[in-house]
Amino acid sequence: MIEVTVETNAATVAVQYGDASKLTASVIVKALRDIGLYLQRHLVTKELNTGGMLEPRTRNLARSVFYRLELAGRDALVRVGFDLKKAKYARLLLLGGTVVPKTAQFLTIPLTAAKTASGVTRFRARDVIAAPERFGYTGTFFAKRVLFGRRGQEIVPLFALKSSVRIPAHPVLTSALDDSLGFIAARMGVAAQEIARSV
């Protein structure tokens, strides 16, 4: 039996091989390794790349993708997911949710002037408030829930203040599995033929 599932932050392809011979077990394990590597590459190159479901900024999410082979009794499975130690926000991106401030009254959402061309925050709101000259400003002020920087006569919006932000779900694991079902079926078919030839 082959089972394909998506859990909280990992996708799993599992095979029950019962009381199979060592050759059969090794063929299945090799097929699952190939499937794990294929799914990992698909996630990184298609779903987490330019034009994919999640546009890259720092590439930390792509670096956090892993695959792991697990053997437990009569079951073998390959698990593909995100290492939450490398990208702790992965679960929020996958499942969606609402972000609220933990230690302040508002979240500070960086606007264009506070971000790099790829969308990465260049500095924190508290840093520019504490030392605006370090970032090329002569001062800062708040108006209508926006933190502005002053640069001579120029006024630059830096951060929007929000009481919460809703992050939509990005089901990249489900998408990667759906896109890979043909490969999974073909690879397990090759494994079945190899087992049949050895019997």
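The preceding data block contains the structure.
Keep in mind the model is a prediction, meaning the values are calculated, not measured. (Residues numbered from 1 in each chain as written. Predicted model: local features only at pLDDT ≥ 70, side-chain atom pairs only at ≥ 80, totals over all residues. Heavy atoms only, no water.)

Trainee: Can you lay out helix H5 (residues 172-198) for me, pointing to particular residues and giving the numbers?
Mentor: Helix length check: H5 (27 residues) gives 38 Å between terminal C-alpha atoms against 39 Å at 1.5 Å per residue, within 8%. At Ser180, H5 shows its largest bend, some 50°. By the burial criterion, the buried members of H5 are Val172, Leu173, Ser175, Ala176, Leu177, Ser180, Ile184, Arg187, Met188, Ala191 and Ile195. (Helix = DSSP H or I, 4+ residues; strand = E, 2+ residues; numbered from the N terminus. Expected span 1.5 Å × (residues − 1). Bend = angle between axes of the 7 residues up to and from the residue. Buried < 20%, exposed > 50% of the residue type's maximum accessible area, 1.4 Å probe, protein only.)

Trainee: So what about the packing of aromatic side chains? Which residues, and what values?
Mentor: Overall, the coordinates contain 4 aromatic pairs when judged by the stated rule. Here the aromatic rings of Tyr38 and Phe183 are separated by 3.9 Å at their centres, their planes lie at 5°, and the arrangement is stacked. Taken together, the positions of Tyr38 in helix H1 (residues 22-47) and Phe183 in helix H5 put the pair 145 residues apart, joining distant regions of the chain. Accessibility expressed as a relative area gives 27% for Phe183, which makes it partly exposed. Geometrically, the ring pair formed by Phe123 and Phe135 is tilted, given 4.6 Å between the ring centres and 40° between the ring planes. Of this pair, Phe123 sits in the loop between strand S6 (107-110) and helix H4 (125-130) while Phe135 sits in the loop between H4 and strand S7 (139-143), placing them 12 residues apart in sequence. Accessibility classification places Phe123 together with Phe135 in one group, the buried group. Grouped by ring-pair contacts, the aromatic residues Phe123, Phe135 and Phe159 constitute a single cluster. (Phe/Tyr/Trp six-rings, centres within 6.5 Å; stacked < 30°, edge-to-face > 60°.)

Trainee: So what's going on with the pairing of strand S9 (residues 154-162)? Residues and values would help.
Mentor: Two elements, S6 and S9, share 4 bridges in a ladder whose sense is antiparallel. Looking at the pairing, Leu107 lines up with Lys162 of S9. Hairpin connection between strand S8 (residues 146-151) and S9: a loop of 2 residues separates the two successive antiparallel strands, and Gly152 in this loop has a positive phi of roughly 65°. (Pairing = 2+ DSSP bridges.)

Trainee: So what about the pattern of salt bridges? Which residues, and what values?
Mentor: Going through the model one piece at a time under the given rule, you end up with 6 salt bridges. In this structure, the salt-bridge partner of Asp34 is Lys30, at a minimum N-O distance of 3.6 Å. In this pair, Asp34 and Lys30 are both assigned in helix H1, 4 residues apart and thus about one turn of the helix distant. The exposure class of Asp34 is partly exposed, given its relative accessible area of 26%. For Lys30, a relative accessible area of 49% gives the class partly exposed. As a salt-bridge pair, Arg124 and Asp127 come within 3.0 Å of each other at their nearest N and O atoms. (Salt bridge = Lys/Arg side-chain N within 4 Å of Asp/Glu carboxyl O.)

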